Each structure stands twice: as C-alpha cells, then as structure tokens.
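Summary of the model geometry
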Amino acid sequence: MKTVIITGATSGIGFATARKLAGNGFAVIGIGHSRVNCENAKARLLGENPKAEITYFEAELMQQREVGRLADELERYISVHCGGELHALINNAGCVRSYYTTTEEGYEQQFALNHLASFLLTYRLLPYLKRAGGRIIMTCSNSHRGQKMHWDDVMLKKGYNPLTAYKQSKLCNILFARGLNDRFASGGVRAYAVEPGLVKTDIGNKETGGLVNLIWTLRKRHGVSPDVPAETFAYLCGEESNPCGLYYRGSREEKYSSEVTRESAERLFRLSEKLCGICYSEEAVL
Amino acid sequence: MNVLITGASGGLGRAFAMECAGRGCNLFLTDINEDGLSPLKNGLERRYGVCVKAKACDLTSEESVGELLNVIDSCGIRFDMLLNIAGIDFEGGFMERDRSSVLKIVSLNVEATLRITHAILQRRREGEKFSIVFVSSLASMYPMPLKATYAASKRFLLDFALALRQELREQNVNTLSLCPGGLATTQEAISGIMAQGFWGDITTNRLESVTRRTIDLVQRGKSLYIPGTVNRALSLFGKLVPRPVIAFIIYWRWKNTQKKWLCTSSD
C-alpha cells in the first residue's frame, strides 16, 4: 500500500483529498493542528471507508520547532509502518491573516505556514520520497499570477497587505516546486503545484477579522466543492509514472506565471534554506 | 548599535526585534518565556545576520535580574537603546481578580520596568546618544474602569518617562512613550479587537508600521507616539472631558464588550 501525507487534512481541500485518496487505496497520514479536529476527521473518513488506513498527527506547522517534532514522529512511523517509503507529500496547509503577525522566529505567518513549513517538512521527508520515486505536491492558486516576489522584503514588513502576502506565498509554492524539480527530478522525485480553482472552504474565515473575513464569506459562495481539486491530487498521486508538467488543474497542465523561472526558484530556495537553517544538498542519508 | 529588548518573545517584542535587526542593530533579548527566545534568536540571525544574545529573565525578581546583569557585564556589553516591552494585563473588575494578579500588574509594568531601566542606564555607552522606549498605552490617557490597575500602571510610565527625559536630557538620553490603541500582536489580542467591533477595528494599529515609526521617533528626540488619527483624537478627548465623565463613558462601553470577550490575559 502506498503512503501519502497530507498537511491541513482536517477540513477543506486537504480533507476532501484525504477522503479521495483513501478511497483510491492509499494509506493516508493526515496532519492537523488540533487534536479534536484530527480525531473528528479520522472518524469521518473511517465512517465512510472502514477499511481505509488512516492516521493523523497533530502539529502547529507554522512554528519550525513543531515541524521538527512532527518530522521526527513521521520518520519513525514511516520506517516502522511504511517500509521507509513515502509515495507522496501533499503540502496543503495554508492560512490567511488580516494583520501582520509573526511566528516564534519572528517570520510573517502566511509566509511561514504557506511556504516555509512546506520547505522544511519536504527537506526532512525527502529521503523517504526518494526511495519511493515519490511526488511532492503543493496547493497553489492562480492568484499567484500577476504577483511578483518582493525580494527586498519577503515578509512585507513595509506596508503589509494580506492579499499580497497570500498571493506571494502561492507564488512561493510554485517556485518551490520548480526549485525541487531543478534539483531532484533527475533523482526520480518530482514536484507539482495544483491550481484548485475557487473552492468553498473556510481558509479566509479562520483567525481573520473584519474585511478579510467579510470578503471571503462573500467570495466563497461562488466556489466549487473541495472534491473538485481533490481530483487533481488524485490524478497526480495515481499516475503510474510521474507526470512531467509543473502546474495542474484536473489532469491538465495549467498556464503559470512568467515569474516562475529557474533563477527565481533558485533564489527562493537559497533564501528559504537560510531562513530554515538547513541545506538540502547536505540532507541526511538513510 | 546595541539594543536590549524586554518581553522580546511576545508579539510586540518580536516585531521590535525584527525592526531593529532590519536596521542592523545587535540585540540582547530577554523574556520570562525561555522557550520563545531561541527560535527568535535563530530567526533574527538567519534573516538579518546580526549578532543576537538571549537570556531568560523574570524582571520582577531582583535575583533573576542580577543574573541577567552578570551575563551583560561578563560580556562587557554597553547599550545604545532600551525597549521596555515586557508588560501584562489582566482584564476584569478589581474585585473579580485575585490579589496576586492585581499586584502582578504593578510589579511587572511599573516596578520591573524601573529596575531594568535603572540597570541599563548604568550600562549605556559612554558619551553616546541613548534612547529608551516605554510601552505605555492609549489606556494611560484615562481612568479606565475594569482595566483600572492596568491603565494606572501605564499612566505611571507615561509620566515617569517624560520626567526622566527632562532629568537626563543633558546627558543625551531621550525617552519616548508609545501609546497604542489595539495592536494585533497575538491571537487573543486579535479576538479582543474583533469583540470591540467597529471601534476595535479603527483603533487598531499595524504592528509593522508602529514598530518602525517608534524607533524613528525616539531617535529623533520625540517624547510621545500615539499611533493613528483616531487614537490621537481619543487622547485629546481625554484631555477635554472631565475625568469622572470619561470614567463613566468607558465603564458603560467596556461592560458590554467584556461580555463578548472573556479572554483573561495578554502580555
């Protein structure tokens, strides 16, 4: 049985994807940030599909020390229960913030969760993905198009705009996928970004206030069910050999921003390594 | 430039640390929460490449502050700026709080601030400009029922800072009181702002710009910074309207807000 890890798997797109992949015969490891949500999600999935193999881990992925702790637990679990192989890592957890707020490291929260958490978790799980010729998939968004990287102020401290921060974090997702491919595609692992479309989830209503909350409440009415983007993840996980594109909607490649270049991907990769205090080329060898 | 920041691992402290590191300052961080210091130190060093030292300290304890000063002295550090961020607030009526939490407000916000300020002034860089920021509050402008001890402790800082500024002016020391309305520092603070609805929203200031402007102003020799036009208008209102009337109005408004928001502490 192939194992997939999905972050942010207790609601929205992550939960729908967990359900879909469990139904398709994958062993699913979900990550959520509250125990109650994890337990509920697990119970719902098992209720629909009693034979499914479902495990949940809790972690506040925004904080780097929590990513570290989670990665330790996952390493043990994968070694014992999954033969040391990970078929896919779906970096889906994301947030929206109305205000400039920071993590323990002093990093802006949207940038920290939507990008750096994926960067750090992928780094830790890469050896297991390599063994399985695995896939790394980010939940991206078309909102990245038309956004440029603010290289001189990536956390937008000079004039914070929640939407700009969100869009830039989504641009980071696809740049990260590109950076992974530039480095590791020849070694058999492959990274993708998924365009989910406008989806009816609560991302803009969690821990936000005022305007952001209101706008998202109005906007999500026009969204599709999270089951729609779940199909894209199912396609990318289910194909026998790794699809060769970068950005997908359904089983089709989607057009992405011209900002996604090798140079920018490399630049973000270096910056993220610095901010996480890691170096991918020195990753642990199993 | 060497800067000491108290309450460094809280929301406001972290934002100040980032702001100073972005200006190339070397930092000495302290906070009662030891676990918060090392991630912040890592974040600052990775992002800005500045030199950061950190030591946990309970500023209300003479002994703990003594240990902190030992570390400073053994490294021979001299400071150019002190940011007094550490502070605490417990919401609720005076008689609804236990005695120790009421006294804690005064011992941290007032007594501990004096302790560290005195100690760091003795360790300022000889012959250079020295800046001190006191985090007061918009609450310092009024007598505030249901936040009585907190508001009075912040009033203490406001008056003290201004008087100290005059005393030490000739020695090239400047003090500034930061009097913000709401600041979106923590999740509790944000939920508190949301509970106040419209008023919460318009009196809330952006953390990233408040920290930047505070450092600019204290270095330019200013003594007071009230962020935001609405807050400045509210502080003027505090000067024009008789204080018993203000207390009445505030009580009437907070009573309703606190029903919506029973969050206990923020620091």
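The residue numbering used here restarts from 1 in each chain and proceeds along that chain's sequence as written. Here the convention is simple: chains get letters from A, ligands get numbers from 1, in the order in which they are written. Per-residue local features are limited, in this predicted model, to residues with pLDDT of at least 70; the limit for side-chain atom pairs, both in listing and counting, is 80 or more; totals at the level of whole chains, interfaces and linings are taken over all residues.

With that settled, consider the overall build of chain B. Secondary structure is summarised from DSSP: a helix means a run of H or I of at least four residues, a strand means a run of E of at least two, and numbering begins at the N terminus for each. A tally of regular secondary structure across chain B gives 10 helices and 11 strands. A compact globule built from 267 residues should have a C-alpha radius of gyration of about 18 Å, and chain B, at 18 Å, falls within 12% of that. If one aligns the C-alpha atoms of chain B with their principal axes, the spans along those axes are about 50 × 40 × 35 Å. Relative to its 267 residues, chain B shows a buried fraction of 43%. For chain B, the proportion of contacts with a sequence separation of at least 24, taken over those separated by at least 6, is 68%. When we talk radius of gyration, it's over C-alpha atoms, and the globule rule is simply 2.2 Å times the number of residues to the 0.38. Residue burial here comes from a neighbour count, namely the number of other C-beta atoms, placed from the backbone, that lie within 10 Å of the residue's own C-beta, with 20 or more meaning buried, 12 or fewer meaning exposed, and in between meaning partly exposed. Residues are scored as being in contact if the C-beta atoms we place from backbone atoms lie within 7 Å.

Before going further, it helps to spend a moment on the pairing of strand β1 (residues 2-6) of chain B. All names here are of chain B. In terms of burial, β1 is largely enclosed, as 5 of its 5 residues are buried. Burial of β1 is two-sided: the residues Asn2, Leu4 and Thr6 facing one way and the residues Val3 and Ile5 facing the other way are all buried. As judged from the 4 bridges shared by β1 and strand β2 (residues 26-31), these two strands associate in the parallel manner. The residue of β2 that forms the bridge with Asn2 is Asn26. Orient the strands so they point away from the viewer; a crossover is then right-handed if the path from the first strand over the helix to the second runs clockwise. Following the chain from β1 across helix α1 (residues 11-22) to the adjacent parallel β2, one finds a crossover that is right-handed. Judged from the 4 bridges that link them, β1 and strand β4 (residues 81-84) form a sheet pairing that is parallel. When the bridges of β4 are listed, Leu4 appears paired with Leu82. Two strands pair under a simple rule: DSSP has to find at least two bridges between them.

Turning to the interface of chain A and chain B, a few remarks are in order. The figure often quoted for interface size is the accessible area lost as the parts come together. Listed as interface residues are 18 residues of chain A and, on the opposing side, 22 residues of chain B. Of all the secondary structure elements, the ones that give two or more residues to the side of chain A that touches chain B are α3 (64-81) and α8 (262-276) of chain A. For this classification, the nonpolar set comprises Ala, Val, Leu, Ile, Met, Phe, Trp, Tyr, Cys and Pro, the charged set comprises Asp, Glu, Lys and Arg, and every other residue, Gly included, is treated as polar. A per-class count over the side of chain A that touches chain B returns 5 nonpolar, 7 polar and 6 charged.

All names here are of chain B. Between α1 and helix α2 (residues 34-48), the shortest axis-to-axis distance is 10 Å and the interhelical angle comes to 25 degrees. Looking at the two axes, α1 sits roughly parallel to α2. In this structure, α1 meets α2 at a crossing whose hand is right-handed. Residue-level contacts link Arg14, Ala17, Ala21 and Gly22 of α1 to Leu40, Leu44 and Tyr48 of α2. Partitioned by chemical class, the residues of the contact of α1 with α2 number 5 nonpolar, 1 polar and 1 charged. The convention used is that axes are lines fitted to C-alpha atoms, helices contributing only their stretch in contact, and that angles between N-to-C directions extend from 0 to 180 degrees. Geometric relationships in this document are graded by angle, where less than 35 degrees denotes roughly parallel, more than 145 denotes roughly antiparallel, 65 to 115 denotes roughly perpendicular, and other angles denote oblique. By convention the crossing between two helices is left-handed if the near helix lies anticlockwise of the far one by an angle smaller than a right angle, and right-handed if it lies clockwise.

This next bit is on the confidence of the model for chain B. The predictor attaches a confidence to each residue, and that confidence, scored 0 to 100, is pLDDT. When the pLDDT values of chain B are averaged, the result is 90; 96% of them are 70 or greater. When the criterion is pLDDT under 50, residues 263-267 of chain B qualifies, and its contacts beyond four places in sequence or with other chains add up to 17 contacts.

A few words now on helix α6 (residues 187-195) of chain B. Taken as a whole, α6(B) has its buried residues at Ala189(B), Ile190(B), Gly192(B), Ile193(B) and Met194(B). Positive backbone phi, at 60 degrees, marks Gly197(B), one or two positions downstream of α6(B).

So, about the environment of Ala151(B). All names here are of chain B. Relative to the helices and strands, Ala151 resides in helix α5 (residues 148-168). According to the C-beta neighbour criterion, Ala151 is buried, with 23 such atoms within 10 Å. Separated by 118 residues in the primary sequence, Ala151 and Asn33 have C-alpha atoms spaced 24 Å apart.

Time to look at the pairing of strand β2 (residues 27-32) of chain A. Residues and elements named next belong to chain A. Of all 6 residues in β2, 5 are buried; the element is thus mostly enclosed. Where strand β1 (residues 3-7) and β2 come together, 5 bridges link them in parallel fashion. If you follow Thr3 over to β2, its bridge partner there is Ala27. Note on the crossover from β1 through helix α1 (residues 12-23) to β2: the handedness is right-handed. Across 5 bridges, the pairing between β2 and strand β3 (residues 54-58) is parallel. Pairing of Gly32 across the sheet is with Glu58, part of β3.

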